[in-house]
Amino acid sequence: MRVNKIIPYGRQSIDELDILEINKVLNSDWLTQGPVVTHFEQALSEYCSAAYAVACTNATAALYVACLALGITVNDIVWTSPNTFLSSANCARFCGAQIDFVDIDEKTYNLCPDKLEAKLLTAEKLDKLPKIIIPVHFAGQSCDMKKIHQLAKKFNFHIIEDASHAIGATYLDKRIGCCQYSDITIFSFHPVKIITTGEGGAALTNSKEIAEKIRLYITHGMTRDSKKMENPSNDLWYYEQIELGFNYRITDIHCALGLSQLKKIDTFIRKRHELVARYNEGLKYLPLTLPYQHPDTYSSFHLYVICLMAEYKNKTRAQLFNELRQANIGVNVHYIPVHTQPYYKKFGFQWGDFPVSEDYYHRTITLPLYPGLSYEQQDTIISIIKNILT
Ligand SMILES: *Cc1c(COP(=O)(O)O)cnc(C)c1O
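One structure accompanies this document, and this report is about it. (Residues numbered from 1 in each chain as written. Predicted model: local features only at pLDDT ≥ 70, side-chain atom pairs only at ≥ 80, totals over all residues. Heavy atoms only, no water.)

1. Here's the deal with the overall build of the chain
Then comes step 1: Summing up its helical and strand segments, the chain has 13 helices and 17 strands in all.
Then comes step 2: Here the C-alpha atoms of the chain give a radius of gyration of 22 Å, agreeing with the 21 Å that 2.2 N^0.38 yields for 390 residues.
Then comes step 3: Its C-alpha atoms give the chain principal-axis dimensions of roughly 75 × 60 × 35 Å.
Then comes step 4: Restricting to contacts in the chain with at least 6 residues of sequence separation, those with at least 24 account for 72%.
Then comes step 5: Working note: accessible area of the chain is about 17,600 Å², and carbon and sulfur atoms make up 52% of it.
Then comes step 6: Across the chain, the centroid of the 40 positively charged side chains sits 4 Å from that of the 41 negatively charged ones. (Helix = DSSP H or I, 4+ residues; strand = E, 2+ residues; numbered from the N terminus. Rg over C-alpha atoms; globule rule 2.2 N^0.38 Å. Contact = heavy atoms within 4.5 Å. Areas by Shrake-Rupley, 256 points an atom, 1.4 Å probe, with all protein chains shown as cover. Lys, Arg positive; Asp, Glu negative; His and termini not counted. Charge placed at Lys NZ, Arg CZ, Asp CG, Glu CD.)

Listed below in C-alpha cells is the structure:
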C-alpha cells in the first residue's frame, strides 16, 4: 500500500479568508510597521490573557531577545530539555551563556520536575545554579509549570516557556501564554505549528519592563521614548540607540495572516483532537506507546508521536520509519536529543548523559497530524502501520 502524494507530518491550513486579509494589507499604506502588527499583538495578548505580546520574525529570535531581556550574559547558565528543537538551547549560546539540560519524564516527554529539583540541589552546592530554565511544552502538552515555578522561587531562576508547539493549549484551565508560572512565553508561527504567519514568533509577558526591553531588542536597540533617553529632545526626528539591538520586526503582511489564523485556532485544535482520538483508536492494539495526556493539560497536539515498545523486537524504529517513507507517509522524528549534536558535544556532552531522552528518541516516530488531514488519508496511514507491525 502506498499513497500517491506524500502526506507530510504537518502543514498549514490556509483558506480564502486568510488570502483576503493578506490582500488587504498589500493594498494598504503599510507593508510593515503598520497597524496590523499591533492588532495581532493585541489579539494574542487577549487570547492568552497576558498583559503584553510582542510579535517578531520567528520564535528563535523571540527566545534570544527573551534571554537578553532577562539579562543573560556569558557568566550565566541556562537549562532546557534535550527533547526539543535546537533553538531552545541555541538562544542561550547566542548570549554566550553556558547551557545544560534536564532529562525528560518517561510519560509526557517533557522536562522532568523531579530531575530538575535533584539537579538544582547539586548545582546549589557547586554554586552553579542556572539563571533561566526553558521548559518546552513538547507536542503541545504543558510541562508541570506549578512545580517548576515553585523551584524557581526556591532557587531564584527565571522561566521562559518555549511554547512553540503549544499556542491554544491549556494548563490547569488557563491558556499557555498567560505567564502565570513564568516570566515570558514564546510562540512560533512556522507553517507546521498550530497557526502560521509564514515565518513568525511572539513573546508574551505580564511585565511591562520585560516587554519594553524585548521591543527594544527587536528594533535595533533604538527608542523614541524621551523617558528612556540619555539626552531627551523635543526634536521630532530624534531617537537614541540605548542598547545593541537587531531588526527582528515582523511585517503587517505576516500579521494579517496571523490575525486571520488566530480566529480559527480553536477549530484547528478541535480537529487535531478528533484526529488524535482516531489514531488512538486505530493503533491501540499495536506494540506502540501512544501519547500520554496528563489530566492538568489540554494539548494543542502539534505532534502525534508513537513510541515502539521496548520489548518489541520484530522491527526497528528505522525499519518502520523507512517503510512508512516508502509508502509516501512523511513521518519524522522529534527530536534528536540536542546534547548529542556535534556543536553541543564540543562542550563535553555525550550519549548517555540524558538516558530517558535518548531511549525515547531511539524508539519514536511522528505521524502526520494537521487540520487538513482527511479521515481517508488517516485510515490509510493506520492500515499501513498495522501491516508493517503485524
Ligand atoms: C519550531 C520551534 C522553534 C523555532 O521556531 P521558529 O519560529 O522556526 O524560529 C523553537 N522551539 C521549538 C520547540 C520549536 O518547535
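2. Considering the environment of F40
Then comes step 1: Within the element layout of this structure, F40 appears in helix α2 (residues 35-48).
Then comes step 2: Overall, F40 belongs to the buried group, its relative accessible area being 0%.
Then comes step 3: As for F40 and G221, which are separated by 181 residues in sequence, their C-alpha atoms are 22 Å apart.
Then comes step 4: Here F40 is in contact with A55, F189, T197, C255, G258 and L259, once residues within four sequence places are set aside. (Buried < 20%, exposed > 50% of the residue type's maximum accessible area, 1.4 Å probe, protein only.)

3. Describing the site of the ligand
Then comes step 1: Around the ligand, 15 residues are found, and the nearest of them are T60, D162, H165, S188 and K193.
Then comes step 2: Here S188 contributes a side-chain N or O atom positioned 2.8 Å from an oxygen atom of the ligand.
Then comes step 3: Those elements that place two or more of their residues in the shell around the ligand are α3 (59-69) and α4 (87-94).
Then comes step 4: Split into classes, the residues belonging to the shell around the ligand amount to four nonpolar, nine polar and two charged. (Near = heavy atom within 4 Å. Polar contact = N/O pair within 3.5 Å; in protein donor to acceptor, adjacent residues only side chain to side chain. Nonpolar A, V, L, I, M, F, W, Y, C, P; charged D, E, K, R; others polar.)

4. Focus on the sheet that holds strand β14 (residues 297-298)
Then comes step 1: In space, the three strands of this open sheet follow the order β8-β7-β14, with antiparallel pairing throughout. Since the sheet does not close on itself, it has two edges, and those belong to β8 (174-175) and β14, each with one partner.
Then comes step 2: Of the pairings in the sheet, the one linking strand β7 (residues 170-171) to β14 comprises two bridges and is antiparallel in character. Residue pairing for β14: Y171 is matched across the bridge by T297. (Pairing = 2+ DSSP bridges.)

5. Some words on the packing of α3 against helix α7 (residues 208-218)
Then comes step 1: Orientation of α3 relative to α7, taken along the N-to-C sense of each, is 125 degrees, at an axis distance of 9 Å. Between α3 and α7, the angle falls in the class oblique. Here α3 runs over α7; the crossing is right-handed. For the pair α3 and α7, the contacting residues are V65, A66, L68 and A69 in the first and I210, K213, I214, Y217 and I218 in the second.
Then comes step 2: When its residues are assigned to classes, the contact of α3 with α7 shows eight nonpolar, no polar and one charged. (Axes fitted to C-alpha atoms, helices over the stretch in contact; angles between N-to-C directions. Parallel < 35°, antiparallel > 145°, perpendicular 65-115°, else oblique. Left-handed = near helix turned anticlockwise from the far one by under 90°.)

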